[in-house]
Amino acid sequence: MPYDLIVIGSGPGGYVCAIRAAQLGMKVAVVEKDKTFGGTCLNVGCIPSKALLHASELFEESGQLFDKMGIKIGKPKLDLAAMMKFKDEGVDGNVKGVSFLFKKNKIDAFEGVGRIAAPGKVEVKAAGGKNETLEGKAIVIATGSDVARLPGIDIDEQRIVSSTGALVLDKVPGRLLIVGAGVIGLELGSVWRRLGSEVIVVEFLDRILPGMDHEVCRQFQRMLEKQGVRFKLSSKVTAVDANGKTLKARIEPAAGGAAETIEADVVLVSIGRVPFTEGLGLEAAGVKKDNKGRVIVDQHFATNVPGIYAIGDVIAGPMLAHKAEDEGVAVAEILAGQAGHVNYEVIPNVVYTFPEIASVGKSEDELREAGIAYNAGKFPFTANGRAKVNHQTDGFVKILADAKTDRVLGVHIVGADAGNMIAEAAVAMEFGASSEDIARTCHAHPTLPEAVKEAALAVAKRSIHM
Ligand SMILES: Cc1cc2nc3c(=O)[nH]c(=O)nc-3n(C[C@H](O)[C@H](O)[C@H](O)COP(=O)(O)OP(=O)(O)OC[C@H]3O[C@@H](n4cnc5c(N)ncnc54)[C@H](O)[C@@H]3O)c2cc1C
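Keep in mind it's a predicted model, so treat the numbers as computed, not measured.

A closer look at helix 4 (residues 80-104)
- Spanning 25 residues, helix 4 covers 36 Å between terminal C-alpha atoms, matching the ideal 36 Å at 1.5 Å per step.
- Those residues of helix 4 lying buried are Leu80, Met83, Met84, Lys87, Val91, Val95, Val98 and Phe102.
- Buried-residue contacts for helix 4 involve helix 1 (12-23), strand 2 (28-32), helix 2 (39-44), helix 3 (46-64), strand 3 (108-111) and helix 6 (183-194).
- Directly after helix 4, the chain includes lysine 106, whose backbone phi takes a positive value near 55 degrees.

Below you can see the structure in the form of structure tokens.
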């Protein structure tokens with residue numbers, strides 16, 4: 001009997017789609033080419049990076065803050081192998097969780113590379129050479145993304161690494177040069193700086209974290225500089241000479257001019273990610289891609305070929321696990337005849353450094369560009385009781401609300417635990433809240449989210465603690 005749905009790829013897009021479809025009564029198969037489920041996110045992305053961010057943050061904190069709190073433990077000593085084991089155990093627990101959920105939901109999992117042989121037919125080529133063909137009424141492509149490469153710079157995952165190699169280094173690099181000041185570069189740069197590396201970040205643009213609110217990024221760059229991260233903006237790495245004992249990176253001004261050489265022990269290339277469709281047979285199946293290699297879909301995640309759908313990093317939109325998950329749910333519901341939908345206006349974005357950065361909705365630049373009049377309310381953590389008592393006062397909350405209707409259009413937070421705090425803003429925006437709605441919602445004291453309430457009050461210039 002054919003499957004109702006065959007999902008290719010078991011990342012957060014694919015596995016969530018499979019589970020939701022099974023919940024809705026469909027007979028589902030998942031095809032995964034890697035040995036473990038969970039895709040980039042669980043194996044080499046969100047989960048291992050957050051494990052190292054957590055462990056390295058505590059390592060640094062134990063060296064800097066514990067003493068002040070009266071906790072005398074002496075200078076902390078790093079056991080990198082143990083820290084890597086801690087990370088690997090976390091990954092293992094998560095990928096096993098996906099296996100468990102597949103079994104629980106009676107989803108058939110196939111290990112091998114999936115290729116669309118024809119609409120409704122997926123050929124699975126297993127590592128051992130065994131081939132089998134699955135038949136299904138619908139196919140969802142959830143094959144995700146891969147590391148973007150720089151021409152002329154060969155990633156060997158030993159000394160010139162991508163994020164994948166940077167998650168498994170067996171010793172702390174003395175000097176780490178990071179190409180690209182995006183989220184992944186800054187997160188992994190933070191990990192290795194905390195563990196002892198000298199970190200320099202080279203960025204082509206004149207700012208870090210392109211796409212995020214300007215004010216947030218300017219302040220955040222200063223915070224990272226205070227922590228010891230150096231930045232070389234408006235510059236490009238054009239070559240890395242790996243012949244000697246140390247790597248020699250050639251850096252040129254983005255606008256042209258004299259080159260300089262910077263030596264490093266490890267170079268991390270983190271210039272973004274590209275959609276992954278290798279071996280899928282899209283050309284033969286007639287599935288169209290755009291000029292960035294992303295599978296083109298309509299509002300219902302349908303490609304141009306009937307019965308073939310796509311979600312996650314392989315289609316347009318922010319390359320984020322929760323965006324992929326929500327698309328997985330939506331397409332499963334659409335296939336079941338329901339009204340699956342993703343609200344792209346309310347997708348939170350978090351940078352898990354210290355302090356964290358979190359945002360949802362529009363930035364000030366976007367609102368200005370769109371000619372939308374807005375009021376901004378801002379509240380610093382220096383005036384928040386809990387942040388003060390925790391000695392974590394860096395950062396602020398900024399709320400942008402429509403000047404006419406007061407509807408919240410964007411929320412931007414820099415600060416400890418910003419990633420958790422943004423959830424409140426996302427819920428408020430989903431419900432079409434005004435800044436007054438947030439301002440009149442009772443927030444527990446003493447908590448960091450009180451700063452969200454105060455920023456909402458500040459929209460109407462009536463915050464209490466400023
Ligand atoms: C270092 C790092 C940190 C990140 N941190 C975060 C974070 O904190 N928060 C966040 O939201 N996002 C984060 N991301 C991004 C996040 O990992 C991706 O957005 C997310 O994994 C995309 O999910 P997906 O299901 O579309 O694809 P993927 O997770 O890439 O999964 C695709 C799966 O498809 C499989 N596959 C591909 N082709 C085939 C084929 N032909 N046959 C069978 N299987 C195939 C792949 O092996 C893979 O398992 C991070 C990424 C990296 C690299």
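We are not done yet, so read on.
A word on the packing of aromatic side chains
- For the structure on display, the rule yields 2 aromatic pairs.
- Summarising the aromatic geometry, the rings of tyrosine 3 and phenylalanine 110 are spaced 6.3 Å apart at their centres and angled 85 degrees between planes, so their arrangement reads as edge-to-face. Here tyrosine 3, found in strand 1 (residues 3-8), pairs with phenylalanine 110, found in strand 3; they are 107 residues apart in sequence, far enough to count as distant.
- Judged by relative accessible area, which is 9%, tyrosine 3 ranks as buried.
- The class of phenylalanine 110 is buried, set by a relative accessible area of 16%.
- Judged by centre distance (4.9 Å) and plane angle (70 degrees), the rings of phenylalanine 37 and phenylalanine 102 are edge-to-face. Highlighted residues: phenylalanine 37 in the loop between strand 2 and helix 2 and phenylalanine 102 in helix 4, separated in sequence by 65 residues.

Brief notes about the environment of isoleucine 347
- Along the chain, isoleucine 347 falls in the loop between helix 9 (321-335) and strand 18 (349-351).
- The buried category is assigned to isoleucine 347, whose relative accessible area is 15%.
- Placed 218 residues apart in sequence, isoleucine 347 and glycine 129 show a C-alpha to C-alpha distance of 41 Å.
- Other than its neighbours up to four places away in sequence, isoleucine 347 contacts Pro318, Leu320, His322, Lys323, Val342, Ser359 and Val360.

Observations regarding the nonpolar core
- In this structure, Leu5 and Val28 are the most contacted members of the largest nonpolar core, which totals 57 residues.
- Broken down by element, the residue count for this core peaks at 7 residues, all from helix 1.
- The residues contacting leucine 5, other than those within four sequence positions of it, are Cys17, Ala21, Met26, Lys27, Val28, Ala29, Ala138, Ile139, Val140 and Leu335.
- Membership of the second largest hydrophobic core comes to 37 residues, among which are Ala55, Leu188, Met223 and Val414.

Some details on a nonpolar patch on the surface
- Residues Met69, Ile71 and Ile73 make up a contiguous nonpolar surface patch of about 270 Å² in total accessible area.
- By secondary structure assignment, the location of isoleucine 71 is in the loop between helix 3 and helix 4.
- Isoleucine 71 sits in the partly exposed class, given a relative accessible area of 36%.

Remarks on the packing of helix 3 against helix 6
- Two elements in contact, helix 3 and helix 6, have axes separated by 9 Å at closest approach and are oriented at 35 degrees. Relative to helix 6, the crossing made by helix 3 is left-handed. In this structure, helix 3 uses Ser49, Lys50, Leu52, Leu53, Ser56, Glu57, Phe59 and Glu60 to contact helix 6, whose residues at the interface are Glu187, Leu188, Ser190, Val191, Arg193 and Arg194.
- Grouping the constituent residues of the contact of helix 3 with helix 6 by class yields 5 nonpolar, 3 polar and 6 charged.

Quick look at the pairing of strand 6 (residues 131-141)
- In terms of strand pairing, strand 1 meets strand 6 through 5 bridges, oriented parallel. The residue bridging tyrosine 3 from the neighbouring strand is glycine 136, located in strand 6.
- Both strand 5 (residues 121-125) and strand 6 contribute to a ladder of 5 bridges, which runs antiparallel. Bridged to glutamate 123 within strand 6 is threonine 133.

Thresholds applied
Residues numbered from 1 in each chain as written. Predicted model: local features only at pLDDT ≥ 70, side-chain atom pairs only at ≥ 80, totals over all residues. Heavy atoms only, no water. Helix = DSSP H or I, 4+ residues; strand = E, 2+ residues; numbered from the N terminus. Expected span 1.5 Å × (residues − 1). Buried < 20%, exposed > 50% of the residue type's maximum accessible area, 1.4 Å probe, protein only. Contact = heavy atoms within 4.5 Å. Phe/Tyr/Trp six-rings, centres within 6.5 Å; stacked < 30°, edge-to-face > 60°. Core = buried A, V, L, I, M, F, W, Y, C linked by side-chain atoms within 4.5 Å. Patch = residues over 30% accessible without salt bridge, like charges linked within 9 Å, V, L, I, M, F, W, Y side chains within 5 Å. Areas by Shrake-Rupley, 256 points an atom, 1.4 Å probe, with all protein chains shown as cover. Salt bridge = Lys/Arg side-chain N within 4 Å of Asp/Glu carboxyl O. Axes fitted to C-alpha atoms, helices over the stretch in contact; angles between N-to-C directions. Left-handed = near helix turned anticlockwise from the far one by under 90°. Nonpolar A, V, L, I, M, F, W, Y, C, P; charged D, E, K, R; others polar. Pairing = 2+ DSSP bridges.

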